[in-house]
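Results of the structural survey
Listed below, chain by chain, are the residues.
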Amino acid sequence: QVQLVESGGGVVQPGRSLRLSCAASGFTFSNFAMYWVRQAPGKGLEWVAVISADGNTKYYADSLRGRFTISRDNSRNTQFLQMNNLRSDDTAVYYCARSGETATIDLLWGQGTLVTVSS
Amino acid sequence: AIQMTQSPSSLSASIGDRVTITCRASQGIGSDLGWFQQKPGKAPKLLIYGASSLRTGVPSRFSGSGSGTDFTLTISSLQPEDFATYYCLQDYNYPWTFGQGTKVEIK
C-alpha cells in the first residue's frame, strides 16, 4: 500500500547533526515532490522544506535555511533531511509528506519521527 | 515569507454548535489555502483545499470560504469527532506557511 516511513530520529546533543530518512512505497516516488513538516511538543505545525520530483529544486523555511538540507534518492525511493548544528528548539516530531495527486496540498503523511535535542 | 494569522487560538463549543475559524494572510494568496484537522498523536488530515473545495470523504458539515487575504473554515454542526486542532496552510508560494492553529474543545 501507499506509505511513507520515517526513520533516524532520536536524542542528539546540541550542536550535533542528524539525518532523517523517509522511505516511500506503493507509488512512483520519482513523480512527486516531497516535503518535511515538523511539530514541536505541544506546538503547532511548521513547514520545513520541499524538494521537487527530480531533486533539482528545493525550498526551505526562512528560519532553517543554511542548517537543514533536503535531498532525495529516486533510485532508492527515499528522501532525506540533513540537520546540522541542532538546537533545543529543533526538538519536534518530523513528518515526511508527499504532494497530492490531484491537489498538491493534499499531502500523504508519514507517521513522524521524534527528534530530541538535549544534552 | 507569507505570514498566516489564525484566530481564535482556542474555542469551546457544544455538540451541534456552528463553529467558525479564520485565517488572514499577510499578502494576497488567491485561493491557495487549505484547512487541516489534527488529533493528538496523529498526522494532520486535509479537509479543504483551494479555499473552498471539500476533500473527498470529508463530511459536508465542513466548508471553506474566502480569497485574497481572508479565509474562513466553518463547521456547521459540531460533532464529537470534530474536537481537534485545526490549521490553515497557504500553498500560494514557497515557503508554505501554517497558521498557528485553533484548538476546538468541548464546552
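Keep in mind the model is a prediction, meaning the values are calculated, not measured. (Residues numbered from 1 in each chain as written. Chains lettered and ligands numbered in written order. Predicted model: local features only at pLDDT ≥ 70, side-chain atom pairs only at ≥ 80, totals over all residues. Heavy atoms only, no water.)

1. Thoughts on the interface of chain A and chain B
Keep this limit in mind: The contact criterion used is simple: two residues touch if any of their non-hydrogen atoms lie within 4.5 Å. As used here, buried area is the combined drop in accessible area, with a 1.4 Å probe, of two parts when they are placed together. Should a side-chain nitrogen of Lys or Arg be within 4 Å of a carboxyl oxygen of Asp or Glu, the pair is scored as a salt bridge. Under the scheme used here, helices are H or I runs from DSSP no shorter than 4 residues and strands are E runs no shorter than 2 residues, and both carry numbers assigned from the N terminus.
If you look at the interface, chain A gives 21 residues, while chain B gives 19 residues. Between chain A and chain B, a total of about 1700 Å² is buried, with carbon and sulfur atoms accounting for 70% of that surface. It is Leu45(A), Trp47(A) and Ile105(A) in chain A that bury the most area against chain B; as a group they hold 42% of the surface buried on that side. Taken together, the connections running from chain A to chain B amount to one salt bridge. We note a salt bridge from Arg55(B) to Asp106(A), for which the minimum N-O separation is 2.6 Å. Going through the elements one at a time, β4 (34-39), β5 (45-51) and β6 (58-60) of chain A are the ones with two or more residues in the side of chain A that touches chain B. Sort the elements by how many residues they give to the side of chain A that touches chain B and β5(A) lands first, with four residues.

2. Focus: the nonpolar core
Nonpolar side chains in soluble globular proteins tend to be buried together. This is how it is decided: Here, the term nonpolar core denotes a set of buried Ala, Val, Leu, Ile, Met, Phe, Trp, Tyr and Cys residues that are joined through side-chain atoms within 4.5 Å. Here's how the labels work: a residue is buried when its accessible area is under 20% of the maximum for its type, exposed when over 50%, partly exposed in between, all with a 1.4 Å probe on protein chains only.
Counting 45 residues, the largest nonpolar core has Trp36(A), Leu81(A), Met83(A) and Tyr94(A) as its most contacted members. The dominant element in this core, judged by the number of residues it contributes, is β5(A), at six residues. Excluding residues that lie within four positions of it along the chain, Met83(A) makes contacts with Arg16(A), Ser17(A), Leu18(A), Leu20(A), Arg67(A), Phe68(A), Tyr94(A) and Val115(A). Within the second largest apolar cluster, 25 residues are counted, among which are Leu47(B), Val58(B), Ala84(B) and Tyr86(B).

3. Structural notes on the sheet that holds strand β8 (residues 78-83) of chain A
All names here are of chain A. What counts is decided by this rule: Between any two strands, pairing holds if DSSP finds at least two bridges. Working convention: axes come from line fits to C-alpha atoms, limited for helices to the stretch in contact. Angles between N-to-C directions cover 0 to 180 degrees.
Across the sheet, four strands lie side by side as β1-β3-β8-β7; this open sheet has antiparallel pairing. What marks the edges here is a single partner per strand, and that holds for β1 (3-7) and β7 (68-73). Averaged over all pairs of adjacent strands, the angle between strand axes in this sheet comes to 20 degrees, irrespective of strand direction. Bridge analysis of β1 against strand β3 (residues 18-25) gives five bridges, and the strand direction is antiparallel. Bridge pairing in β3 places Glu6 opposite Cys22.

4. Focus on the state of the cysteines
Note on terminology: a disulfide is the covalent bond linking the sulfur atoms of two cysteines. As a reminder of what qualifies: Pairs of cysteine sulfur atoms within 2.5 Å are what we label disulfides.
The final tally for this structure, using the stated rule, is two disulfides over all chains. What pairs with Cys22(A) in a disulfide is Cys96(A), and their sulfur atoms sit 1.9 Å apart. For the disulfide bridge between Cys22(A) and Cys96(A), the dihedral angle about the S-S bond is near -65 degrees, and by the sign convention the bridge is left-handed. Of the two residues, Cys22(A) sits in strand β3 while Cys96(A) sits in strand β9 (residues 92-98), which places them 74 residues apart along the sequence. Looking at Cys22(A), the relative accessible area reads 0%, which means it is buried. The class of Cys96(A) is buried, set by a relative accessible area of 0%. The disulfide bridge from Cys23(B) ends at Cys88(B), spanning 1.7 Å between sulfur atoms. Here Cys88(B) lies in strand β9 (residues 85-90) and Cys23(B) lies in strand β3 (residues 19-25), a separation of 65 residues in the sequence. Accessibility expressed as a relative area gives 0% for Cys88(B), which makes it buried.

5. A word on the pattern of salt bridges
Enumeration over the complete set of coordinates arrives at eleven salt bridges over all chains. The salt bridge partner of Arg76(A) is Asp73(A), with a shortest N-O separation of 3.9 Å. Of the residues examined, Arg76(A) reaches a relative accessible area of 52% and is grouped as exposed. The partner of Asp82(B) in a salt bridge is Arg61(B), and the shortest N-O contact between them spans 2.8 Å. Within this pair, whereas Asp82(B) is found in the loop between β8 (70-75) and β9, its partner Arg61(B) is found in the loop between β6 (53-54) and β7 (62-67), the two being separated by 21 residues in sequence. For the pair Asp82(B) and Arg61(B), one class covers both residues: buried. Counted as one network, the salt bridges with shared partners bring together Arg38(A), Glu46(A), Arg67(A) and Asp90(A).

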